[in-house]
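Chain residues, written in single-letter form:
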Amino acid sequence: MELRGRTALVTGAGHRVGRAIAVALGGRGMRVAVHYNATADGARETAREIEAAGGEAKLFTGDLTDASRAPKLIDDVVGAFGGLDVLVNSAAVMIRAPFGEVTPEQWDTIMALNVRAPFFLAQAAAPHLKQTRGAIVNIADLAAFETWPAYLPHGLSKAGVVYLTRSLARVLAPEVRVGGIAPGTVLLPESWSEADAKRLSDTTPLAREGSPEDVTRTVLFILDSDYLTGETIIVDGGRHVRA
């Protein structure tokens, strides 16, 4: 896919990996819809970085845990840019919720943002993406392939994203390609300590943390690879191949 001059929506683009993805797409000359919820200042910084990289940016806000927001967000982006070529489902929440302590409220919040929102965004975007022979990139998580006892609902939600990626690739072919990325330790939660970071590095075959740029390069690879669909690429320094 030639990206220059085309339009991408990146959800959760106000900070962390979502910002990095949005800026990378801007660096390829795309017009980027920067979605955010509670990170308005971060979203404005994302837009500045996109424009500095050579792209165009517009801001869109909305709480995607509200099911009605997904189709409205797609309508707003298409209305502002005149179409849609790429949807990147990056917005997510990671809540520590050990088994035995999970509340219905935690469960509903995690599932609403991590898996329901990407589904309904894809459903609303599909007619527009078919017109442009576009693509969807879903950001999953290594938790989809491992068992993290303190994050069981999170892992379940991200396993759902992997399944969603395969399923959408089937139902939207041949007009729309769908790929996924399951990052490992590319950007630690802000609450984690240096000891946590060292433990993860020590148990990673490549013996280091990754970076958001490891994810952005994979996003661009998926978009550039016109014969790739239905695959979720694990970007984790080899953690998933440990014995």
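Above this text you will find the structure in question.
Residues numbered from 1 in each chain as written. Predicted model: local features only at pLDDT ≥ 70, side-chain atom pairs only at ≥ 80, totals over all residues. Heavy atoms only, no water.

### Some points on the packing of helix 1 (residues 16-27) against helix 2 (residues 40-52)
And step 1. At a closest axis distance of 8 Å, the pairing of helix 1 and helix 2 adopts a crossing angle of 25 degrees. In terms of their interaxial angle, helix 1 and helix 2 are classed as roughly parallel. Between helix 1 and helix 2 lies a crossing of right-handed hand. Across the interface between the two elements, R19, A22, V23 and G26 from helix 1 touch G42, E45, T46, E49 and I50 from helix 2. (Axes fitted to C-alpha atoms, helices over the stretch in contact; angles between N-to-C directions. Helix = DSSP H or I, 4+ residues; strand = E, 2+ residues; numbered from the N terminus. Parallel < 35°, antiparallel > 145°, perpendicular 65-115°, else oblique. Left-handed = near helix turned anticlockwise from the far one by under 90°. Contact = heavy atoms within 4.5 Å.)

### Looking at the sheet that holds strand 7 (residues 232-235)
And step 1. Ordered in space as 3-2-1-4-5-6-7, the seven strands form an open sheet in which the pairing is parallel. For this open sheet the edge positions go to strand 3 (56-61) and strand 7, each flanked by a neighbour on one side alone. Here the average twist between neighbouring strands, direction ignored, is 15 degrees.
And step 2. Each of strand 1 (7-10), strand 2 (31-36) and strand 3 is contacted by helix 3 (residues 69-81), which is oriented at about 150 degrees to strand 3, the strand it contacts most.
And step 3. Taken strand by strand, helix 7 (residues 212-224) contacts strand 4 (86-89), strand 5 (135-139), strand 6 (177-183) and strand 7, and its axis lies near 165 degrees from that of strand 6. (Pairing = 2+ DSSP bridges.)

### Some remarks on the environment of S167
And step 1. Here S167 shows up in helix 5 (residues 152-172).
And step 2. S167 sits in the partly exposed class, given a relative accessible area of 25%. (Buried < 20%, exposed > 50% of the residue type's maximum accessible area, 1.4 Å probe, protein only.)

### Observations regarding the packing of aromatic side chains
And step 1. Applying the stated criterion across every chain, the model contains three aromatic pairs.
And step 2. Between F60 and F81, the ring centres sit 6.3 Å apart and the planes meet at 45 degrees, which makes this aromatic pair tilted. Placement of F60 in strand 3 and of F81 in helix 3 is noted, with a sequence separation of 21 residues between them. Across this residue pair, the class does not change: F60 and F81 are buried.
And step 3. Centroid distance F119 to F120: 5.0 Å. Interplanar angle 80 degrees. Geometry classified as edge-to-face.
And step 4. Residue F119 is classed as partly exposed on the basis of its relative accessible area, which comes to 35%.
And step 5. The class for F120 is partly exposed, based on a relative accessible area of 33%.
And step 6. The positively charged end of K58 is found above the aromatic ring belonging to F81, 5.0 Å away from the centroid. (Phe/Tyr/Trp six-rings, centres within 6.5 Å; stacked < 30°, edge-to-face > 60°. Lys NZ or Arg CZ within 6 Å of the ring centre and 35° of its normal.)

### A closer look at helix 3
Note: α-helices contain 3.6 residues per turn, so residues at a spacing of three or four share the same orientation.
And step 1. With 13 residues, helix 3 ought to run about 18 Å at 1.5 Å a step, and its terminal C-alpha atoms sit 18 Å apart, in line with that.
And step 2. All of the buried residues in helix 3 are R69, A70, L73, I74, V77, V78 and F81. Taken down its axis, helix 3 places every buried residue within 165 degrees of arc, on the same side. Opposite the buried face of helix 3, by more than 90 degrees, sit the exposed residues D75 and G79.
And step 3. The first or second residue beyond helix 3 is G82, which carries a positive phi of 90 degrees. (Expected span 1.5 Å × (residues − 1). Arc of directions from axis to C-beta.)

### Thoughts on the nonpolar core
And step 1. Of all hydrophobic cores here, the largest spans 32 residues; its most connected members are I21 and L25.
And step 2. Looking at this core, the elements with two or more residues in it are strand 1, helix 1, strand 2, helix 2, strand 4, strand 5 and helix 7.
And step 3. Those residues within four positions of L25 in sequence are excluded, and the remaining contacts are L3, A8, V10, M30, V32, V88, V219, L220 and L223.
And step 4. In this structure, L73, L113, L121 and L172 belong to the second largest nonpolar core, which totals 28 residues. (Core = buried A, V, L, I, M, F, W, Y, C linked by side-chain atoms within 4.5 Å.)

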